[in-house]
Amino acid sequence: MGWLKTGRKLWLNVHVYIALSLGFIFVLLGLTGSFNVFYFELEEIGLPEVHKEARAQPLSLNDIMRIVRVAHPQRQGTWNLHMPGYNRDYLWAEYPKPEETSDELFAPLQIMIDPYTGRIVNETFWGRTVWSLVYEVHATLLMGKVDAEIGKVIFKIICFLGVFMFISALSGLYLWWPRAGKFRQAVTIKRGASPERLVFDLHKTAGFYSSIVLLILAFSGFAFGYREQIKSVVSCFSDVKAERFKAPAVVKSDYQEQTETISIDRAVAIADRIFPGAPVRWLATPDGKEGVYVIEKRQDGEASRRRPRSKVWIDQYSGKVLAFEDPNRFTAGETFLNVMWPLHSGEAFGFAGRVLWSIVGVMPLVLYVTGLIRWLQKRKAKKLKENRANPPALAGRGI
């Protein structure tokens, strides 16, 4: 029993020290993450409705890209196209590295286009809207907008904080763990309880019900900044060759003078042969003479809906399939790393998962406030107990 009490005191101290030193940052990350789950929908709020008449067909990707290039003839190189559907109504064209924001860590030009009329309804640089700023706070505490190198350092630090969040959630579960026959009491709030008991019950129940999601968020957040370290551990048990945002070793178009580039629609049709029936969710146009088309499609059952991993690399001149990735053929290790992002965003569990993740993002605030109040209550009680045990000297001996 003495060993158990010592262990409990140790983990209580760890839990308290992490909360007092890092709790406010966890609150900030949780609240911004709650909004980020619905980033695309929030960015499209207030825009005119997509002009879709009965039986209307969207414009071809070639036509849409032609409109974008006419509007921005100076922006050569690759463009990324995010398809409408699943949390967005508009087609988003993204220019990754505009000159205007070259000193920032991440600040692409984002253009929203009505897929039926080709009308550009909005265009802005990342970080110039409320919701992209909220996202930037979550990723780099806005330091990515100050300087790219500083932003990288802050991003790594924020990801490393996932370790402390994981320890905090795990130690909280340990401290919460009820004795035999006390489970119902441990997961409910007592009616008519004193203010002190109410605060305690709110803290323990909020922590219990959100603990699993918080553990997932903490680990997946850490994985973004320390992927290579996690990969090296996972590789001990399963091969990991496919990388989420990396092309296979040698993927280049065979450039020959006076050879025309195939159209975007043609590239998509070629990708359809590899993954028939799977809708296109994202694509990148070729970057330079040796650049390639990159097509991302989503097969049924894929955890990631916005950036799936059914991926094809296509020669921009010949249309030859240079490489492809099929998540159904991934090793256990590749699958494990592949689900980190959809787990962090909640999209692995569809719309309900995103809603749940958004709600859990508020829990660090609830836990921080109730935990701080509880800590102050215990300090006050401890001080009163000490004063009773050691009363101050009386002002006059005759009293």
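The following paragraphs examine the structure supplied in this document. (Residues numbered from 1 in each chain as written. Predicted model: local features only at pLDDT ≥ 70, side-chain atom pairs only at ≥ 80, totals over all residues. Heavy atoms only, no water.)

1. Considering the overall build of the protein chain
Stage number 1. The number of helices and strands found in the protein chain is 14 helices and eight strands.
Stage number 2. For the protein chain, contacts bridging at least 24 residues in sequence account for 63% of all contacts bridging at least 6.
Stage number 3. Accessible surface, the protein chain as shown: approximately 22,500 Å² in total, 62% of it carbon and sulfur. (Helix = DSSP H or I, 4+ residues; strand = E, 2+ residues; numbered from the N terminus. Contact = heavy atoms within 4.5 Å. Areas by Shrake-Rupley, 256 points an atom, 1.4 Å probe, with all protein chains shown as cover.)

2. Notes on unusual backbone geometry
Stage number 1. For Tyr-86, which is not glycine, the phi torsion reads 55 degrees and is therefore positive.
Stage number 2. Relative to the helices and strands, Tyr-86 resides in the loop between strand E1 (80-82) and strand E2 (91-95).
Stage number 3. Phi at Leu-142 takes a positive value of approximately 75 degrees, unusual for a residue other than glycine.

3. Quick word on the layout of surface pockets
Stage number 1. Computed from the structure, the second largest pocket encloses a volume of approximately 1,600 Å³.
Stage number 2. Lining the second largest pocket are 44 residues, and of these Leu-12, His-15, Leu-175, Phe-200 and His-203 lie nearest its centre.
Stage number 3. Residue assignment for the lining of the second largest pocket shows that the elements contributing at least two residues are helix H1 (2-36), helix H6 (148-176), helix H7 (183-186), helix H8 (195-225) and helix H14 (363-389).
Stage number 4. For the lining of the second largest pocket, the leading source of residues is H1, giving twelve residues.
Stage number 5. A breakdown of the residues in the lining of the second largest pocket according to their chemical character gives 23 nonpolar, eleven polar and ten charged. (1 Å grid on protein atoms, 1.4 Å probe; cavity = no way out; pocket = protein on both sides within 12 Å on 5 of 7 lines; lining within 4 Å. Points joined across faces, edges and corners; volume = space filled by probe spheres on them. Nonpolar A, V, L, I, M, F, W, Y, C, P; charged D, E, K, R; others polar.)

4. Topic: a nonpolar patch on the surface
Stage number 1. A cluster of nonpolar side chains, contributed by Tyr-17, Leu-20, Leu-372 and Leu-376, occupies part of the molecular surface with about 380 Å² of accessible area.
Stage number 2. Counting only elements with at least two residues in the nonpolar patch, the list comes to H1 and H14.
Stage number 3. Residue position: Leu-376 is located in helix H14.
Stage number 4. Taking the relative accessible area as the measure of exposure, Leu-376 reaches 46% and is therefore partly exposed. (Patch = residues over 30% accessible without salt bridge, like charges linked within 9 Å, V, L, I, M, F, W, Y side chains within 5 Å. Salt bridge = Lys/Arg side-chain N within 4 Å of Asp/Glu carboxyl O. Buried < 20%, exposed > 50% of the residue type's maximum accessible area, 1.4 Å probe, protein only.)

5. Quick look at helix H13 (residues 350-360)
Stage number 1. Among all positions in H13, only Gly-350, Gly-353, Arg-354, Trp-357, Ser-358 and Val-360 are buried. Mapping the buried residues of H13 onto a view down its axis gives an arc of 160 degrees, with all of them on the same face. Exposed and facing more than 90 degrees away from the buried side of H13 are Phe-351 and Ala-352. (Arc of directions from axis to C-beta.)

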